[in-house]
Amino acid sequence: MSTAATATLDRYESPSVATGRMGMWWVLASEIVIFGGAVVCYLLYRWHHPEWAESAVHTNELIGVINTVVLLTSSLTIVLAHDAAHHGDAARAKRLMGFTILLGLAFLCFKAYEYSHEVAAGFTPVKNLFWSFYYFLTGLHALHIVAGLIAIATVMRGVGRRENMQRVEYVGIYWHFVDVVWIFLFPLLYLAPKF
Amino acid sequence: MYHMQTGHAVGFWRKYVFSTDHKVIGLQYMITGLFMAILGGFLAYAFRMQLAYPNEAVPLFGQVGPDVYNAMVTMHGTIMLFWVAQPILVSGFGNYLVPLQLGAEDMCFPRLNMLSYWTFLVSTVLLVASFFVPGGAMGGGWTGYPPLNARMDYTGVDWGGTLWILALALEFAAALMSGINVLSTTLNMRTKGMTLFRMPLFVWMQNAANLIFMFSVGPLIAGALMLLADRTLQTGFFIPAQGGDPLLWQHLFWFFGHPEVYVLLLPALGILTEVIPTFARKPIFGYRMIVYSVVAAGVLSFIVWAHHQFVSGINPQLAVAFSLTTIMISVPFAVIIFSFLATLWRASIEYKVAMLFALGMLAEFLIGGVTGIHLASTSTDIYLHDTYFVVAHFHYTMFPVTFFGMFAGIYYWFPKMFGRKMNEGLGWIHFLVTFVAFNVIFIPLFAFGLAGHQRRIYDPSLWENLVPYQHLHVIATAATIVLLLGQIPFVFNFFWSMKKGRKAERNPWKSNTLEWDTPSPPGHGNFEAAPVVYRWPYEYSAPDREEDYRPQWLAPEAKP
């Protein structure tokens, strides 16, 4: 029986996309329909309820802007980490992933600060449907940030041992996705009424 | 990169329980599914007894109260679709066969695959546990419609409904993980020579099913989280008094729920595409046409969902559009069925049990498909909606798909899975009893529906207009018991043949696809040497050859 590792190269019809990258794209495809469904629900309601604007003015757009900058910066650091891993610079890749994790944590801290102030001001998830959607969408997004941070930390450990360097790219793809979701959520939840 | 195959012994636990081998995971899915089928069948027995003999104690169960009745029909539907059909047809057969038929050593993400099964098992435990929590299991219908299910006090079902939502969400996650594996493995791990159009149609169907699942389930996962919030946090996503809209749930549910029908149908048709040519000893008719039909059906399946909502107050013009798309989707399936008939045309058919179940599925599914046209058309649907006609219709689609399809697959691939053949005589008994009893249960239900018998009523004797038809309930219930007893020969045959059945060689049915090039059962890593594929998988009865089949892996003879 041939061992798998040696046989793989010539064993199969030549794949067009690296297997790990493709797996990640399928994950994203599943995630896109989950967030897509949630956002479309929100848009349909919002369309029929212009009065939600009165609730939406109470969102803290300053923190929203800060968090947008934080997340975009973290996308930059993770793509630089990918570049470093691509060139075999494990130390630099590791450092940049560390920055990404710090920025992700900063995002969560700002979000927690924002939540606690909103709840203190009486804007709880059951205040009205706008706030239900606000907490649902941003909460689901925050959970994805947490999952992304765990994934990045796991890959970072491997990079420290110079193992599975290609995975930096895969968590990077995921992290960009989480970033892009925020790019949709931020204007839809924070800015839409204020134009 | 993939496995250690250096021959060192793997312990019992790693080999059979915490396994990353696609074959073991496939069997785990199937066996879990079969156990859940027993539970689902028992529920059917208990509530059918209640319908035939209202308010009498049911033997082996006891008194069925209205709440218990609601919980039983809800859980019967949930279990049969998501814990029997889905794990067996999609994850079970898909896991077992896709890598084998592609000539791969395993799935490309074996650990993700193991995580998929264990997530599924946790969901199973949660679902079964929901029977034992205060308030009992979910009783708000398998579609989980709000506002009924958006508050615990509306149904009196407390934790049952919440566990039901959690279990479904986990089951969906498990199916997604399994699907990612099937899709990636098909794209990246086809053995040399296995071009896309040389893949067995079973693999095509599995991929189509997993793609449809992946792109339809997302909105319902979002919706399930919203429903969960409504139940536990008292938000109002689906509660009109708080500005929510119950119709939204119907859209989210059926945007997934209808494509899900095809998610279950396609793998069963995939089983037929392997079984029918093998026992007809003829090449499948219209290979490419079947592939294109599957693609067309997959696309159409996303724009038919609102036919479940014709009486929910949707715009009548919209209803006409959905009527049309629904009737249109029968076209690609008609193409596939006609391809099967053309394959069978003038063939010298071997009536093995696998073939009987395959033919049985074709015949029964046809009735399901044709009665679907009545429900697709708004004018008739408004009358038939929520009657037993609907119940009969979807049992004529889903029962043949789930059970006839699954049995065809099990009798056909059992020799590969366990190295022994199942007993044909017992199989014939199993088939005949199942076939006859199934029709005796559900033909009366069509009559019921036309007579105006609503679904989901606990005690039909309370409706005067239904009393004259009560004897039909008795007939259907008697047939249900026969159907359930008819599975005993199968269960016996299954376990007995595993140990005592006639030994099967590698390729007992003289078939062409790659799984028959492996030892029965295949070892870890599947193939002794990497197979190379030279032709499509349906080369039977070629006129220029002595043998009536030519497997994919057989190198062409050198010209003399």
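Residues numbered from 1 in each chain as written. Chains lettered and ligands numbered in written order. Predicted model: local features only at pLDDT ≥ 70, side-chain atom pairs only at ≥ 80, totals over all residues.

Draft legend 1. Quick peek at the overall build of chain B. A count of helices and strands for chain B gives 17 helices and zero strands. Its C-alpha atoms give chain B a radius of gyration of 24 Å, within 12% of the compact-globule value 24 Å for 560 residues. The principal-axis extents of the C-alpha atoms in chain B amount to approximately 80 × 50 × 50 Å. The buried share of chain B, taken over its 560 residues, is 56%. Considering only intrachain contacts with a sequence separation of at least 6, the fraction spanning at least 24 residues in chain B is 82%. (Helix = DSSP H or I, 4+ residues; strand = E, 2+ residues; numbered from the N terminus. Rg over C-alpha atoms; globule rule 2.2 N^0.38 Å. Buried ≥ 20, exposed ≤ 12 C-beta atoms within 10 Å, placed from the backbone. Contact = placed C-beta atoms within 7 Å.)

Draft legend 2. Quick peek at the overall build of chain A. Across its full length, chain A holds seven helices and zero strands. Element order for chain A, N to C, with α for helix and β for strand: α-α-α-α-α-α-α. Taken along the three principal axes of its C-alpha coordinates, chain A extends 65 × 35 × 25 Å. Residues counted as buried form 36% of the 195 residues belonging to chain A.

Draft legend 3. Quick look at the packing of helix H4 (residues 61-86) of chain A against helix H5 (residues 90-120) of chain A. All names here are of chain A. Look at H4 against H5: their axes get within 8 Å of each other, and the N-to-C directions meet at 165°. The angle between the axes of H4 and H5 places the two elements in the roughly antiparallel class. Classified by chirality, the crossing of H5 by H4 is left-handed. When grouped by side-chain class, the residues that make up the contact of H4 with H5 number 17 nonpolar, six polar and three charged. (Axes fitted to C-alpha atoms, helices over the stretch in contact; angles between N-to-C directions. Parallel < 35°, antiparallel > 145°, perpendicular 65-115°, else oblique. Left-handed = near helix turned anticlockwise from the far one by under 90°. Nonpolar A, V, L, I, M, F, W, Y, C, P; charged D, E, K, R; others polar.)

Draft legend 4. Main features of helix H6 (residues 129-160) of chain A. With 32 residues, H6 of chain A extends 46 Å from end C-alpha to end C-alpha; this agrees with the ideal 46 Å at 1.5 Å per step. Immediately beyond the C-terminal end of H6 of chain A, within one or two residues, lies Arg162 of chain A, with a positive phi of roughly 55°. (Expected span 1.5 Å × (residues − 1).)

Draft legend 5. Broad picture of the packing of helix H3 (residues 66-102) of chain B against helix H14 (residues 388-418) of chain B. Residues and elements named next belong to chain B. Two elements in contact, H3 and H14, have axes whose closest approach is 11 Å; the angle formed by their N-to-C orientations is 40°. If you check the angle between H3 and H14, you find them oblique. Every pair of crossing elements has a handedness; the one defined by H3 and H14 is left-handed. In this structure, H3 contributes Met80, Val84, Ala85, Ile88, Leu89 and Phe93 to the contact, and H14 contributes Met398, Thr402, Gly405, Met406 and Gly409. For the contact of H3 with H14, a count of residues per class yields eight nonpolar, three polar and no charged.

Draft legend 6. How the structure looks around the nonpolar core. Residues Leu272, Val275, Phe357, Ala358, Ala408 and Tyr411 of chain B are the most contacted members of the largest nonpolar core, which totals 218 residues. Apart from residues no more than four positions distant in its own chain, Tyr411 of chain B is found in contact with Val353, Ala354, Phe357, Met422 and Gly427 of chain B. (Core = buried A, V, L, I, M, F, W, Y, C linked by C-beta atoms within 7 Å.)

Draft legend 7. Spotlight on the interface of chain A and chain B. Contacts between the two partners involve 30 residues from chain A, matched on the other side by 42 residues from chain B. Those elements that place two or more of their residues in the side of chain A that touches chain B are helix H1 (4-11), helix H2 (19-48) and H6 of chain A. Per element, the largest residue contribution to the side of chain A that touches chain B is 13 residues, and it comes from H2 of chain A. Its residues assigned to classes, the side of chain A that touches chain B comprises 18 nonpolar, ten polar and two charged.

Draft legend 8. Summary view of the environment of Thr235 of chain B. The residue Thr235 of chain B is located in the loop between helix H7 (201-233) and helix H8 (246-280) in this model. In this structure the C-alpha to C-alpha distance between Thr235 of chain B and Arg151 of chain B, which are 84 residues apart in sequence, comes to 9.6 Å. Look past the residues within four positions of Thr235 of chain B in its chain and what remains in contact with it is Pro125, Val126 and Ser132 of chain A together with Ala229 and Asp230 of chain B.

Draft legend 9. Structural detail: the environment of Leu51 of chain B. Here Leu51 of chain B is to be found in helix H2 (residues 22-52). Setting aside residues no more than four positions away along its own chain, Leu51 of chain B makes contact with Pro460, His473 and Thr477 of chain B.

Draft legend 10. Main features of helix H11 (residues 330-344) of chain B. Residues and elements named next belong to chain B. The end-to-end C-alpha distance of H11 is 21 Å, a good match for the 21 Å that 15 residues give at a rise of 1.5 Å each. Considered for burial, the residues of H11 that qualify are Pro332, Phe333, Ile336, Ser339, Phe340 and Thr343. Mapping the buried residues of H11 onto a view down its axis gives an arc of 110°, with all of them on the same face. Facing away from the buried side of H11 by over 90 degrees, the exposed positions are Val331 and Leu341. Where H11 is buried, its residues contact H8, helix H9 (287-300) and helix H12 (353-376). (Arc of directions from axis to C-beta.)

Draft legend 11. The environment of Pro110 of chain B, seen in detail. All names here are of chain B. Mapped onto the secondary structure, Pro110 falls in helix H4 (residues 110-129). According to the C-beta neighbour criterion, Pro110 is partly exposed, with 19 such atoms within 10 Å. Between the C-alpha atoms of Pro110 and Asn181, which are 71 residues apart in sequence, the distance is 8.2 Å.

Draft legend 12. Region of interest: the confidence of the model for chain B. All names here are of chain B. Per-residue pLDDT for chain B averages 94, and the proportion of residues at 70 or more is 98%. With pLDDT under 50 throughout, residues 1-7 is counted as low confidence; its partners more than four residues away or in other chains account for 18 contacts. Under the prediction, the complex receives an ipTM of 0.93, its pTM being 0.95. (pLDDT = per-residue confidence, 0-100.)

Draft legend 13. View of unusual backbone geometry. Residue and element names in this part refer to chain B. In this structure, Pro147 follows Pro146 across a cis peptide bond, with omega equal to 0°. Inspection of the secondary structure puts Pro147 in the loop between H4 and helix H5 (152-155). The peptide bond linking Ser520 to Pro521 adopts the cis configuration, its omega dihedral lying at -10°. Not every positive phi belongs to a glycine, and Asn526 is a case in point at roughly 70°. With respect to the helices and strands, Asn526 occurs in the segment after helix H17 (488-500).

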